[in-house]
Each structure stands twice: as structure tokens, then as C-alpha cells.
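Take a look at the letters that make up each chain.
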Amino acid sequence: MKTITIDDNKSILDLMKYIMYKIDPSGSHYFVTSAEEGFAVIGKEDIRIVFLDIEMPDISGVEAARYLQNIYQKIDLIFITGHSEYALVGHKLHCSSFVTKPFDEEDIIEALKWLRVPVESEKKLKVRCSGSFAVFEGEHPFRFDRRLTTELFAYLVYKNGAFATNGEIIAVFWEGNNDKKDLLRKYIKDMRDCFGRIGAENVLIRMKGSIGLNMSEIDLEGDPEELVEQFGWFV
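Throughout what follows, the structure given in this document is the object of discussion. Every chain is numbered independently, its residues counted from 1 as its sequence is written. Only residues with pLDDT of at least 70 are given local features in this predicted model, and only at 80 or more are side-chain atom pairs given and counted; all residues enter the totals for whole chains, interfaces and linings. Just so you know, side-chain values use all the structure's heavy atoms and leave hydrogens and water out.

## Here's the deal with the packing of aromatic side chains
And step 1. Side-chain rings of Phe, Tyr and Trp, where Trp is taken by its six-membered ring, are said to pair if the distance between their centres is within 6.5 Å; with planes under 30 degrees apart they count as stacked, over 60 as edge-to-face, and otherwise as tilted. Evaluated as defined, the whole model comprises 16 aromatic pairs.
And step 2. Taking the centre distance of 5.2 Å and the plane angle of 90 degrees together, the rings of Tyr155 and Trp233 count as edge-to-face. Here the residue Tyr155 occupies a position in helix H6 (residues 147–159), and Trp233 occupies one in the segment after helix H9 (226–231), the gap between them amounting to 78 residues.
And step 3. Relative accessibility decides the category of a residue: with a 1.4 Å probe and only protein chains considered, values under 20% of the type maximum give buried, values over 50% give exposed, and everything between is partly exposed. Tyr155 gets classed as buried once you look at its relative accessible area, which sits at 2%.
And step 4. Summarising the aromatic geometry, the rings of Tyr158 and Trp233 are spaced 6.0 Å apart at their centres and angled 50 degrees between planes, so their arrangement reads as tilted. With Tyr158 in helix H6 and Trp233 in the segment after H9, this residue pair connects regions lying 75 residues apart in the sequence.
And step 5. A residue is classified by how much of its surface remains accessible, and Tyr158, at 18% relative accessible area, is buried.
And step 6. For Trp233, a relative accessible area of 7% translates into the label buried. Under the DSSP-based scheme used, a helix requires at least four consecutive residues in state H or I and a strand at least two consecutive residues in state E, with every element numbered from the N terminus.

As C-alpha cells, then:
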């Protein structure tokens, strides 16, 4: 998930950073000291879960909440404050939850249970088949450590969820040369390791002597059939 914490107290931001990356290590979490800075990040990153301190200089949390609710229809506001009397204010502003300082990990987990807007599962990988094959992590280019791993991944995309046996892959890539079995294992390991670094372990599915992709984890653009011509495979 994507979250932002807006609080002018650095120690609170440090605590939230520790908590959020502990409970959601693969998420995108932002931490800023002013509402104005928070507005810029929310607009740019399309964040929908906002932890918001009520008492802040310049723009208060209450003012910030009203502004955000006017701009974004789907946003969850979770107020953070040292003053429990603000709970009524939070209720009037239809905040999703209310966390009182001091708080801990369990308090934040509990607050996230009461989101009004369900968190949509975000696909880690986007794959473009049309034009030229490309892989993205979100909006950023994603690269494997080995060049041929990219082509192997492209072949699995072409299979579109069907499993490819090791023998089939060796036939396509190395004209059936069984001496390439160890090399294939290296490319599969590279793919698995690279996915693991971005928390996308579920993309690659391995069975004895076969591999495939969990296509429900991939945002696919274009027709995978186009990849045959792009890479010049004989299939």
C-alpha cells in the first residue's frame, strides 16, 4: 500500500517509518513535516492513506483534512494527536480512524483495519509487449542482472500463464543443447532473485522441470504473440 505521514515532530516520523516498513515492507511510505509538502507528495504519488497530525503550524491537520477531502473522493484520513478531545473533530470530518500519542505498532495496525476505501492490490510489474518489449516496476524500468534473463522472462510472458518445460526452453534458446541446463538454472535463479528484491516473489511459479508466470500479478499491455517476431523464436 501507499501511505504518507504528515507530522511536524521528527521523532513521530521516525517511529512511523519504523512501524510502516515493519508491517508493510514492500509498500511505498512517505514522511513529511508539513501539510503543504504532503499535498505535493499525495498529488504526485496518488496516495490514498494519510496519517495526519492535527496540531501543526501554518496549516493545521483539520484544515489539511478538509482540503484533501474536497480534492480526493477516495482518501482515508487517520488522525494522529496527543489530545484525545480531538476525537469528535475527527468524527465530524469522517476520518477513518484516530490514533492517540503515544502509540505503538499495534495501534497503527488497528487503525488500518478501519479504512473506508479498500486498499487495491497493486501489481508490482507492468509488461509492454507492443513495439519493443519492456518491463517496469510501477513507472520505473525494471532490469534483470543478466541480459538473457529478460528474454527468458519475455518467453514466459508469451506463454501467458502456461508452463514451459526446461526442455522446451532449451530447444527455443539453444537448439536443444542439453549442455545448457546449468546455464538455464542460472537465468531462472537470476529471475527469482530480482523478483525477490522488489517483493514480487509470487510472479514466478516453479514446478519440477517447468516454470511459468502468475499472470494475475502482471499488468500486461499489448499482445504476447507479438513477442515471437520481436525475438525471432522458432516455436
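Here the narrative resumes, following the displayed structure.
## Some points on the nonpolar core
And step 1. Here, the term nonpolar core denotes a set of buried Ala, Val, Leu, Ile, Met, Phe, Trp, Tyr and Cys residues that are joined through side-chain atoms within 4.5 Å. With 38 residues, the main nonpolar core has Leu152, Phe153, Phe173, Phe195, Leu213 and Trp233 as its most contacted residues.
And step 2. Among the secondary structure elements, those contributing two or more residues to this core are strand E6 (125–128), H6, helix H7 (166–174), helix H8 (181–197), strand E11 (210–213) and H9.
And step 3. For this core, the leading source of residues is H6, giving eight residues.
And step 4. Core analysis: the next-biggest nonpolar cluster, separate from the first, contains 21 residues, Ile6, Val50, Met56 and Phe79 among them.

## Things to note about the side chain of Asp53
And step 1. Locating Asp53 in the fold gives a position in strand E3 (residues 49–53).
And step 2. Any two residues whose heavy atoms approach within 4.5 Å are treated as being in contact. Aside from chain neighbours lying at most four places away, what touches Asp53 is Ile6, Asp7, Asp8, Gly61, Ile80, Thr81 and Lys101.

## Points about the sheet that holds strand E4 (residues 76–81)
And step 1. When DSSP locates at least two bridges between a pair of strands, those strands are taken to pair. If you walk across this open sheet you meet the five strands as E2-E1-E3-E4-E5, and the pairing is parallel. Since the sheet does not close on itself, it has two edges, and those belong to strand E2 (28–32) and strand E5 (97–100), each with one partner. Strand-to-strand twist in this sheet, taken as the mean axis angle between neighbours without regard to direction, amounts to 15 degrees.
And step 2. Here E3 pairs with E4 via five bridges, running parallel. Opposite Asp53, over in E4, you have Ile80 as the bridge partner. Whenever a helix is involved, its axis is fitted only over the stretch in contact; in every case the axis is a line through C-alpha atoms, and angles between N-to-C directions fall within 0 to 180 degrees.

## Description of the environment of Met1
And step 1. Tracing the backbone shows Met1 in the segment before strand E1 (2–6).
And step 2. Among the residues examined, Met1 registers a relative accessible area of 25% and is labelled partly exposed.
And step 3. Sequence separation of Met1 and Pro25 is 24 residues, and the distance between their C-alpha atoms is 9.6 Å.

## Quick look at the sheet that holds strand E12 (residues 218–221)
Two modes of strand pairing occur in sheets, parallel and antiparallel, and in both the strands are linked by backbone hydrogen bonds.
And step 1. The mixed open sheet is built from four strands, whose spatial order is E8-E7-E6-E12. Edge strands, defined here as strands with exactly one partner in the open sheet, are strand E8 (140–141) and E12.
And step 2. Bridge analysis of E6 against strand E7 (residues 134–137) gives four bridges, and the strand direction is antiparallel. Among the inter-strand pairings, Lys126 is bridged to a residue of E7, identified as Phe136.
And step 3. Contacting E6, E7 and E12, H6 crosses the sheet at an angle of about 85 degrees to E6.

## Concerning the side chain of Asp7
And step 1. Checked against the element boundaries, Asp7 lands in the loop between E1 and helix H1 (10–23).
And step 2. Those residues in contact with Asp7 that sit more than four places away from it in its chain are Ile12, Leu13, Val32, Thr33, Asp53, Met56, Ile80 and Lys101.

## With respect to the pattern of salt bridges
And step 1. The term salt bridge refers to a side-chain nitrogen of Lys or Arg lying within 4 Å of a carboxyl oxygen of Asp or Glu. Taken as a whole, this structure holds eleven salt bridges when the rule is applied.
And step 2. One salt bridge in this structure joins Asp53 and Lys101, with 3.5 Å as the shortest N-O distance. Remark: Lys101 occurs in the loop between E5 and helix H5 (105–112) and Asp53 occurs in strand E3; sequence separation between them is 48 residues.
And step 3. In this structure Asp53 comes out as buried when scored by relative accessible area, which is 3%.
And step 4. The class for Lys101 is partly exposed, based on a relative accessible area of 23%.
And step 5. The residue Asp193 makes a salt bridge to Lys189 at a minimum N-O spacing of 2.7 Å. Of this pair, Asp193 and Lys189 both sit in helix H8, four residues apart, which is roughly one turn of that helix.

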